[in-house]
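Residue-level listing of the chains:
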Amino acid sequence: MARVEITSPATEHEAAAVVAAVEQYLRDNAPPAAPAPVGLPGWQRAALLEGVGLPAGADHPWLR
């Protein structure tokens, strides 16, 4: 992240205003969050089933 420095004398309020403006700019221009993946990857599903001793084709609500 880039570093912002105020080189001229500034009051606490002026410095806080600059920081608030930069933070708002960063929030407004941040890329959108990636969508959450749907379901489990095959390897993870197989590992969970194997770990609890269920057959490979088991269908349980917590696996959906």
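Everything below is about the structure printed above this text.
Only a predicted model underlies this, so the values are computations on that prediction, with no experimental measurement involved.

A separate point is the environment of Asp59. Summarising the element assignment, Asp59 is placed in the segment after helix 2 (42–51). Distance in space between the C-alpha atoms of Asp59 and Leu49 is 9.6 Å, their sequence separation being 10 residues.

Right, let's get into the environment of Glu50. Within the secondary structure, Glu50 is located in helix 2. A C-alpha to C-alpha distance of 64 Å links Glu50 and Ser8, two positions 42 residues apart in sequence.

For the rest of this paragraph, the subject is a nonpolar patch on the surface. Where nonpolar side chains cluster on the molecular surface, the patch consists of Val18, Val22, Tyr25 and Leu26 and spans about 330 Å² of accessible area. As for its placement among the helices and strands, Leu26 is situated in helix 1 (residues 12–28). Residue Leu26 is classed as partly exposed on the basis of its relative accessible area, which comes to 38%.

Calculation rules
- Residues numbered from 1 in each chain as written.
- Predicted model: local features only at pLDDT ≥ 70, side-chain atom pairs only at ≥ 80, totals over all residues.
- Heavy atoms only, no water.
- Helix = DSSP H or I, 4+ residues; strand = E, 2+ residues; numbered from the N terminus.
- Patch = residues over 30% accessible without salt bridge, like charges linked within 9 Å, V, L, I, M, F, W, Y side chains within 5 Å.
- Areas by Shrake-Rupley, 256 points an atom, 1.4 Å probe, with all protein chains shown as cover.
- Salt bridge = Lys/Arg side-chain N within 4 Å of Asp/Glu carboxyl O.
- Buried < 20%, exposed > 50% of the residue type's maximum accessible area, 1.4 Å probe, protein only.

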